[in-house]
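As a plain string of letters, each chain reads:
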Amino acid sequence: MSDSNAASSALLDPLAVAREYLTPAGRRRVLRQPKVDLPRTELSIPHDLGYLAVRYWGDGQPILLIHGWASDQSDLFSYVPALAVSGYRVITMDLPAHGESSGDCASIDQLADGILTVARHFDPLKAIVGHSVGSAAATVAISKGLAVEKAVFLAPPESYENFARYFAAIKGLSPQQVDQMIEHLQAIGVRVNITTSDLASAFDLPGLIVHSIDDPITSVENSLVIAGKWVNSIFLPVSDLGHRGVLRDQNVITAVHDFISSK
């Protein structure tokens with residue numbers, strides 16, 4: 001490390017970076033709606049000391065759609081029409097500390113607990129569809145007893161700790177400071193050593209994992225590891241969609257719909 005980089009790193013506070021890591025910086029209002037000719041119901045479901053913002057369409061078997069970090073439920077709105085028209089009740093939610101839900105910061109476990117709260121309102125679920133960190137939170141929720149028949153992960157991360165270390169390094173922390181940040185997260189009760197593949201290895205339910213091979217945020221190798229341990233899963237590689245293209249691509253939406261609808 002050069003003298004200038006060392007000086008810059010010395011000015012950084014690992015505790016402050018840890019707080020920033022747990023604080024999503026995304027939108028706090030849902031600004032659009034899906035294009036579906038069905039009535040929409042909006043709910044505020046009590047959770048912890050606050051609430052979770054939920055919307056749903058249709059009245060059939062429930063499917064819960066989970067957005068990623070620093071985003072909101074509108075990320076999955078492109079999936080609503082095809083699923084709702086097929087007769088499902090399609091549910092979107094803002095995770096804790098995201099979108100219109102209450103809270104300012106959240107760990108993966110806290111995101112998962114939010115999923116469990118909403119899922120119990122519609123229990124049992126036909127399927128859950130998660131994108132990116134939302135997939136990791138869904139994995140934790142399933143490991144905690146979420147009642148669901150099928151799971152779909154779009155561009156899932158494999159290791160929460162690796163994600164945290166990457167974030168800290170991008171912020172400019174030195175290797176020693178990164179370790180300090182991880183230690184601080186653990187000291188305040190954040191379970192850092194969560195590995196999606198290890199949790200998924202215990203799953204009996206069918207799964208579909210979709211990942212674009214050019215994803216610059218979450219490498220496709222993450223999904224390959226998860227699929228290798230999740231015995232009852234299908235891995236669907238796609239291309240030229242980056243990290244967020246899987247949220248809008250009609251071929252991916254059709255594949256997800258067909259997987260959920262299959263016997």
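A brief structural summary.

Thresholds, definitions, all that
Residues numbered from 1 in each chain as written. Predicted model: local features only at pLDDT ≥ 70, side-chain atom pairs only at ≥ 80, totals over all residues. Heavy atoms only, no water. Helix = DSSP H or I, 4+ residues; strand = E, 2+ residues; numbered from the N terminus. Contact = heavy atoms within 4.5 Å. Pairing = 2+ DSSP bridges. Axes fitted to C-alpha atoms, helices over the stretch in contact; angles between N-to-C directions. Parallel < 35°, antiparallel > 145°, perpendicular 65-115°, else oblique. Left-handed = near helix turned anticlockwise from the far one by under 90°. Nonpolar A, V, L, I, M, F, W, Y, C, P; charged D, E, K, R; others polar. Salt bridge = Lys/Arg side-chain N within 4 Å of Asp/Glu carboxyl O. Buried < 20%, exposed > 50% of the residue type's maximum accessible area, 1.4 Å probe, protein only. Phe/Tyr/Trp six-rings, centres within 6.5 Å; stacked < 30°, edge-to-face > 60°. Lys NZ or Arg CZ within 6 Å of the ring centre and 35° of its normal. Expected span 1.5 Å × (residues − 1). Arc of directions from axis to C-beta.

**Things to note about the environment of P96**
No. 1: Mapping P96 onto the fold places it in the loop between β4 (89–93) and α4 (108–122).
No. 2: Taking the C-alpha atoms as reference points, P96 and S197, 101 residues apart in sequence, are found 24 Å from one another.
No. 3: Beyond its immediate stretch of four places on either side in the chain, P96 contacts H47, L52, S102, A106, Q110, L111 and G114.

**Things to note about the pairing of strand β1 (residues 40–47)**
No. 1: Of the pairings in the sheet, the one linking β1 to strand β2 (residues 50–57) comprises 8 bridges and is antiparallel in character. Counterpart to T41 in the pairing with β2 is Y56.
No. 2: Connecting β1 to the next strand, β2, in antiparallel fashion are 2 residues, including D48 with a positive phi near 50°.

**Re the packing of α4 against helix α5 (residues 133–143)**
No. 1: Interhelical geometry of α4 versus α5 gives an angle of 70° and a closest axis separation of 8 Å. By the criterion of interaxial angle, the relationship of α4 to α5 is roughly perpendicular. Like other packed secondary-structure pairs, α4 and α5 cross with a definite hand, here right-handed. Within the contact between the two elements, α4 uses I108, D109, L111, A112, I115 and L116 and α5 uses V133, A136, A137, A138, V140 and A141.
No. 2: Each residue belonging to the contact of α4 with α5 can be placed in one class, and the counts come to 11 nonpolar, no polar and 1 charged.

**Here we look at the pattern of salt bridges**
No. 1: Throughout the structure, instances matching the rule amount to 12 salt bridges.
No. 2: Between E149 and K126 there is a salt bridge whose closest N-O contact spans 3.1 Å. Placement of E149 in strand β6 (residues 148–154) and of K126 in strand β5 (residues 125–131) is noted, with a sequence separation of 23 residues between them.
No. 3: Classification of E149 as partly exposed rests on a relative accessible area of 38%.
No. 4: Residue E161 pairs with R165 through a salt bridge whose shortest N-O separation is 3.1 Å. Here E161 pairs with R165, and both are found in helix α6 (residues 160–170), just 4 residues apart, close to one helical turn.
No. 5: Using a relative accessible area of 21% as the deciding quantity, one classes E161 as partly exposed.

**Some thoughts on the packing of aromatic side chains**
No. 1: The full count for this structure, using the stated rule, is 6 aromatic pairs.
No. 2: Aromatic pair F153 and W230: ring centres 5.3 Å apart, planes at 45°, arrangement tilted. Here W230 lies in the loop between α9 (220–229) and β8 (233–238) and F153 lies in strand β6, a separation of 77 residues in the sequence.
No. 3: An angle of 85° between the planes, with centres 5.5 Å apart, marks the rings of F203 and W230 as edge-to-face. On the criterion of sequence distance, the pair formed by F203 in the loop between α8 (196–200) and β7 (207–212) and W230 in the loop between α9 and β8 is long-range, its members being 27 residues apart. W230 matches F203 in its accessibility class, with the two residues each being buried.
No. 4: Ring-pair connections join several aromatic residues into one group, and the members of that group are Y21, Y160 and F167.
No. 5: The positively charged end of K150 is found above the aromatic ring belonging to F259, 5.1 Å away from the centroid.

**Observations concerning the sheet that holds β6**
No. 1: Taken together, 8 strands build an open sheet; the order of strands is β1-β2-β4-β3-β5-β6-β7-β8 and the sheet is mixed. Each having just a single partner strand, β1 and β8 make up the two edges of the open sheet. Neighbouring strand axes in the sheet, compared pairwise and without regard to direction, differ in orientation by 20° on average.
No. 2: Bridge count between strand β3 (residues 62–66) and β5: 4 bridges; the pairing is parallel. Within the sheet, the bridge partner assigned to L64 lies in β5 and is I128.

**A short note on helix α7 (residues 175–187)**
No. 1: Its 13 residues place the ends of α7 18 Å apart at the C-alpha level, agreeing with the 18 Å of an ideal helix rising 1.5 Å per residue.
No. 2: Those residues of α7 that sit buried are Q177, V178, M181, I182, H184 and L185. Buried residues of α7 fall within an arc of 160° about the axis and therefore sit on the same side. In α7, the exposed positions that point more than 90 degrees away from the buried face belong to P175, Q176, E183 and A187.

That is the geometry; function is a separate question.
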